[in-house]
Amino acid sequence: MSYQRTTTYYAARRTQNWSRNQNTTRYVSAVKLGPVAHTVLIALMITVLGLIYLTQATRATSYDYEAQRIDNQIAELSDQKQDLEVENARLTALETTKNSSVAREMTTPASSEYVTE
Amino acid sequence: MKLELVKGSRSRVLAALLFAIMVIFAGRLFYLQVIQYGYYAGLAKGEQQKRLSLPAKRGEIFALEHGTPVELVMNETVYTVFADPQIIKNDEKVIVAVQEIAGGNAVDDMKARLANKESRYQILATKLSRVQAKKLKEKDLSGVGFQEVSQRVYPEGGLAAQTLGFVNTDGTGTYGVESALNDRLKGEDGLLVAVTDISDVPLTIGNSNINIPAKDGDDIVLSIDRNVQAKAEQALADGLKRTGATNGSAIVIDPQTGHVMAMATLPSYKPGEYYNVPDAAAFNNVPTSSPYEPGSVIKTFTMATGIDKGVVSPDSTYVNTDYIKIEDRVVSNAEKGHTGTITLQSAMNWSLNTGFVTVAQRLGNGTEINQQARDTMYDYFHNRFHMGEETGIEVAGEQAGEIVPARSSEGNAVRYSNMAFGQGMNVTMVQTAAAFSALVNGGKYYQPTVIAGVIKDGQLIPQDIKAPAQIIKSTTSDQLRIMTRTARATLLNNGDKPGYTIGGKTGTAETIVNGAYTDKQTVGSYLGFGGDETARYVIMVQVSGKNLPMQGARHAMPIFTDISNWMLDYLKVQPKE
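Quick caveat: nothing in here was measured; it's all calculated off a predicted structure.

(A) Examining the overall build of chain A more closely. A count of helical and extended segments in chain A gives 4 helices and 0 strands. Secondary structure elements of chain A, listed N to C terminal, follow the sequence α-α-α-α. Carbon and sulfur atoms provide 58% of the accessible area of chain A, an area that totals close to 11,200 Å².

(B) Just the overall build of chain B, in detail. When helices and strands are counted, chain B shows 18 helices and 24 strands. Against the globule reference of 25 Å for 577 residues, chain B gives a C-alpha radius of gyration of 35 Å, more extended than a compact globule. Oriented by its inertia axes, the alpha-carbon framework of chain B measures out at about 145 × 60 × 50 Å. Taking contacts inside chain B between residues at least 6 apart in sequence as the whole, the part at least 24 apart equals 72%. Surface accessibility of chain B: about 27,000 Å² in total, with carbon and sulfur atoms responsible for 51%.

(C) The arrangement of the interface of chain A and chain B in detail. Of the residues lining the interface, 21 residues belong to chain A; the matching set on chain B comes to 30 residues. Contact between chain A and chain B buries roughly 2,000 Å² in total, counting both sides, with carbon and sulfur atoms accounting for 50%. Looking only at chain A, the three residues that lose the most surface to chain B are Asp-64, Leu-94 and Tyr-114 of chain A, adding up to 30% of its buried area. Inspection of the region where chain A meets chain B yields 3 salt bridges. The partner of Asp-83 of chain A in a salt bridge is Arg-130 of chain B, and the shortest N-O contact between them spans 2.9 Å. The tally of links from chain A across to chain B stands at 7 residue pairs in polar contact (both at pLDDT 80 or more). At the level of elements, α2 (35-91) and α3 (94-98) of chain A are the ones that each hand at least two residues to the side of chain A that touches chain B.

(D) Local environment of the nonpolar core. Residue and element names in this part refer to chain B. Counting residues in each nonpolar core, the largest one holds 92 residues, and the members touching the most others are Leu-222, Phe-301, Phe-381, Phe-385 and Met-387. Tallying contributions element by element places helix α16 (residues 429-440) first for this core, with 9 residues. For this core, the domains that each give at least three residues are domain 1 (54-155) and domain 2 (224-570). Ala-245, Val-252, Ala-262 and Ile-563 belong to the second-largest nonpolar core, a separate cluster that totals 31 residues.

(E) Molecular detail of α2 of chain A. For α2 of chain A, which comprises 57 residues, the first-to-last C-alpha distance of 83 Å matches the rise-based estimate of 84 Å (1.5 Å per residue) to within 8%. Contacts made by the buried residues of α2 of chain A are with β3 (68-83), α5 (130-138), β5 (144-153) and β9 (202-203) of chain B.

(F) Expanded view of the domain arrangement of chain B. Residues and elements named next belong to chain B. If you check the domain split of chain B, you get domain 1 (54-155) and domain 2 (224-570). The distance between the C-alpha centroids of domain 1 and domain 2 comes to 48 Å. Facing 10 residues of domain 1, the contacting portion of domain 2 comprises 11 residues. Summed over both partners, the interface of domain 1 with domain 2 comes to about 930 Å²; 61% of that surface belongs to carbon and sulfur atoms. Three residues, Leu-64, Glu-65 and His-66, lead the burial of domain 1 against domain 2; their summed loss comes to 47% of the area buried on that side. Linking domain 1 with domain 2 are 1 salt bridge. Residue Arg-226 is joined to Glu-65 by a salt bridge in which the shortest nitrogen-to-oxygen separation is 2.7 Å.

(G) Structural detail: the sheet that holds strand β12 (residues 247-253) of chain B. Residue and element names in this part refer to chain B. Taking strand neighbours across the sheet as the criterion, the 5 strands line up as β13-β12-β24-β23-β22 in an open arrangement whose pairing is antiparallel. Taken across any chain shown, the strands that pair with only one partner, and hence form the sheet edges, are β13 (260-266) and β22 (501-513). Adjacent strand axes in the sheet meet at a mean angle of 10 degrees, parallel and antiparallel pairs treated alike. Alignment of β12 against β13, held across 6 bridges, turns out to be antiparallel.

(H) How the structure looks around the packing of α16 of chain B against helix α17 (residues 474-491) of chain B. All names here are of chain B. At their nearest, the axes of α16 and α17 sit 7 Å apart, and the two run at 105 degrees to each other. With respect to α17, the axis of α16 lies roughly perpendicular. Between α16, through Phe-436, Ala-438, Leu-439 and Val-440, and α17, the contact on the second element is made entirely by Ser-477, Leu-480, Arg-481 and Thr-484. Here the contact of α16 with α17 is composed, by residue class, of 5 nonpolar, 2 polar and 1 charged.

(I) Quick look at the packing of aromatic side chains. Residues and elements named next belong to chain B. Applying the stated rule across the entire model yields 16 aromatic pairs over all chains. The ring of Phe-146 has Lys-137 sitting right over it, with the charged end atom 5.4 Å from the ring centre. In this structure, Arg-384 packs its charged tip against the face of Tyr-380, placed 4.2 Å from the ring centre.

(J) Spotlight on unusual backbone geometry. Residues and elements named next belong to chain B. Here the residue pair Leu-266 and Pro-267 is connected by a cis peptide bond, since its omega of 5 degrees sits within 30 degrees of zero. Look at His-386: it is not a glycine, yet its phi comes out positive at around 60 degrees. Mapped onto the secondary structure, His-386 falls in the loop between α14 (371-384) and α15 (413-419). Positive phi, close to 50 degrees, is recorded for Asn-514, a residue that is not glycine. Secondary-structure assignment places Asn-514 in the loop between β22 and β23 (516-531). A relative accessible area of 79% places Asn-514 in the exposed class.

(K) Seen up close, a nonpolar patch on the surface. Where nonpolar side chains cluster on the molecular surface, the patch consists of Val-31, Leu-33, Val-36, Val-40, Leu-41 and Leu-44 of chain A and spans about 570 Å² of accessible area. By the element assignment, Val-31 of chain A lies in the loop between α1 (7-16) and α2.

(L) Structural context of the pattern of salt bridges. Residue and element names in this part refer to chain B. One pass over the structure, following the stated rule, counts 26 salt bridges over all chains. The shortest N-O distance in the salt bridge between Glu-156 and Arg-226 comes to 2.5 Å. Taken together, the residues span a long stretch of sequence, with Glu-156 in the loop between β5 and α6 (161-164) and Arg-226 in helix α9 (residues 226-243) at a distance of 70 residues. The partner of Asp-532 in a salt bridge is Arg-536, with the nearest N and O atoms 3.8 Å apart. The exposure class assigned to Arg-536 is partly exposed, which follows from its relative accessible area of 29%.

(M) Inspection of the environment of Ala-489 of chain B at higher detail. Along the chain, Ala-489 of chain B turns up in helix α17. Taking the C-alpha atoms as reference, Ala-489 of chain B lies 71 Å from Leu-114 of chain B; in sequence the two are 375 residues apart.

(N) Examining the confidence of the model for chain A more closely. Looking at chain A as a whole, the pLDDT averages 79, with 75% of positions reaching at least 70. Note on residues 1-11 of chain A: pLDDT under 50 across the span, and 0 contacts to partners over four residues away in sequence or across chains.

(O) Inspection of the confidence of the model for chain B at higher detail. For chain B, the mean per-residue pLDDT works out to 93, and 98% of the residues sit at or above 70. Here the prediction assigns the complex a pTM of 0.83, and the interface score ipTM is 0.78.

The rules behind these values
Residues numbered from 1 in each chain as written. Chains lettered and ligands numbered in written order. Predicted model: local features only at pLDDT ≥ 70, side-chain atom pairs only at ≥ 80, totals over all residues. Heavy atoms only, no water. Helix = DSSP H or I, 4+ residues; strand = E, 2+ residues; numbered from the N terminus. Areas by Shrake-Rupley, 256 points an atom, 1.4 Å probe, with all protein chains shown as cover. Rg over C-alpha atoms; globule rule 2.2 N^0.38 Å. Contact = heavy atoms within 4.5 Å. Buried area = accessible area lost by both parts, 1.4 Å probe. Salt bridge = Lys/Arg side-chain N within 4 Å of Asp/Glu carboxyl O. Polar contact = N/O pair within 3.5 Å; in protein donor to acceptor, adjacent residues only side chain to side chain. Core = buried A, V, L, I, M, F, W, Y, C linked by side-chain atoms within 4.5 Å. Buried < 20%, exposed > 50% of the residue type's maximum accessible area, 1.4 Å probe, protein only. Domains from an automatic or database assignment. Expected span 1.5 Å × (residues − 1). Pairing = 2+ DSSP bridges. Axes fitted to C-alpha atoms, helices over the stretch in contact; angles between N-to-C directions. Parallel < 35°, antiparallel > 145°, perpendicular 65-115°, else oblique. Nonpolar A, V, L, I, M, F, W, Y, C, P; charged D, E, K, R; others polar. Phe/Tyr/Trp six-rings, centres within 6.5 Å; stacked < 30°, edge-to-face > 60°. Lys NZ or Arg CZ within 6 Å of the ring centre and 35° of its normal. Patch = residues over 30% accessible without salt bridge, like charges linked within 9 Å, V, L, I, M, F, W, Y side chains within 5 Å. pLDDT = per-residue confidence, 0-100.

Shown next as structure tokens:
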């Protein structure tokens, strides 16, 4: 009895893709790892994970410095704004206005009256 | 090949020894990391974690100017420069730099301070501005440090000093609004608990960080009008100069709301330099904290009581003999000669004590100030006019004064006859002015207040005005307006701007010196109102001085007139045709 592979058959098999009752094969590695190798690998994994954690933590900390820098900038600008507000209040204070050159040039009206519309 | 430790061999002993050491290590680690976990975790947290207080900004205080808020009290960050003399090697370089930049803010004895090498902390300059501090920091002087200090700054100088009060070195409001509203102004400090680096920069590592933001204090807007306050202070200062009085106070109230527009007291001080004030009496806000016997201005209240009870009217008459006997005492008029049958309006015009003792008698059986008369007077003076009790105004140190109850042993006919013309009682100016507002505004009593609202997101949020109480009939108020207007016109010719309704009453009260009343030292007062058909303002003025016989008409009334005429223009009150 002989079998002939047809292209049609091959294509059908390829398209079935884990269809029902399909046989699967499990390959077992020929390389065997001993307890020492396992230990070393676990240690390496822990080290890598630790490094990843440290990298992330450091990155978060770098954001803290950035946030602190921005906070300081906000505080500085806020102080400047406050200084300007104080200066503005001083310049528009009654005493300052009264002693200004404009005020000194003013004269008292001889008479005034209300006009009804 | 299979490796095997031979029993009793040195290798086996070594292995056992190593195992034992490992067990000890493991045991020790278990003890440290499991059993003592809490202790060491706490120690680590204490090392790594900082607890930082986030200071709340103290609220600012505003006045009004035609309804628009203007700054009265603000905050400013200033810097104190200090040095560690042990670190500084070149004293001269530091002295030159600090003197050049700090100028007058540098301490005088800087050289001596830096020469004290045993000290680790010496102040070199105080109250440097941010710009000055920045310039000095740029000099990069080794051993010189800076400390930020927030301080109150008063752009208007000493304006409304006693009403404002000040903030002491502990950051606590003292006297005035600063003290009364300290809780609202100071806000609440925040808290930051976080792992920090060596420079105290908070880091987001750790799982027990706490960040509670600071809650800044309220920005409070006072009902004090900056221009009215300045005018009241100026008029008062001019008045004291003119009369020679050493002390004076004035209060201006809006009778339609109870808002205090100005409160002035002289002598005054600058809140920014409160530490230079030699006499703490200057801190007292006299209109709220110094009760006194106001004298004849109270006759308006006695008359209001009589009219409201329906026992007298302005046209009611009595026989004036310049004297009236109450039990074993004789009450006499200060102004004599208007004898015969006269009206109570005349008694008001000439401020005749006998007229108002008569009103008090008519509140009883007509011939004596009996229990019924005293009960009625107490009901009006204390319960309706709120004299002798705190008004609740938001200025620290308010005093209640005293109206002696009619049912107490001291509340006898003699006392109540004196109360009819403003002696034998203690009231504050704010009580009197608030009650007088009701006498001229249609009979509604508004609780006096200095708060107009708060600033939120840059907008003025007005404070609700408490609903007024109708304490006398509106018809009584109408008659009082006419009576006080006539009384004022009797004393003053051509002093007021024409076309307005201005009324008022003088008061000259004897004071007690060495346990006895004397007319050698009197307090002059004037209480009045102004406006058009509606009373737009109430002003009360008081002047006094040691051994000075101050009179209401001569010394206090001109100050009222000065403020009143100015108020008419400021409020743009139109005169009648």
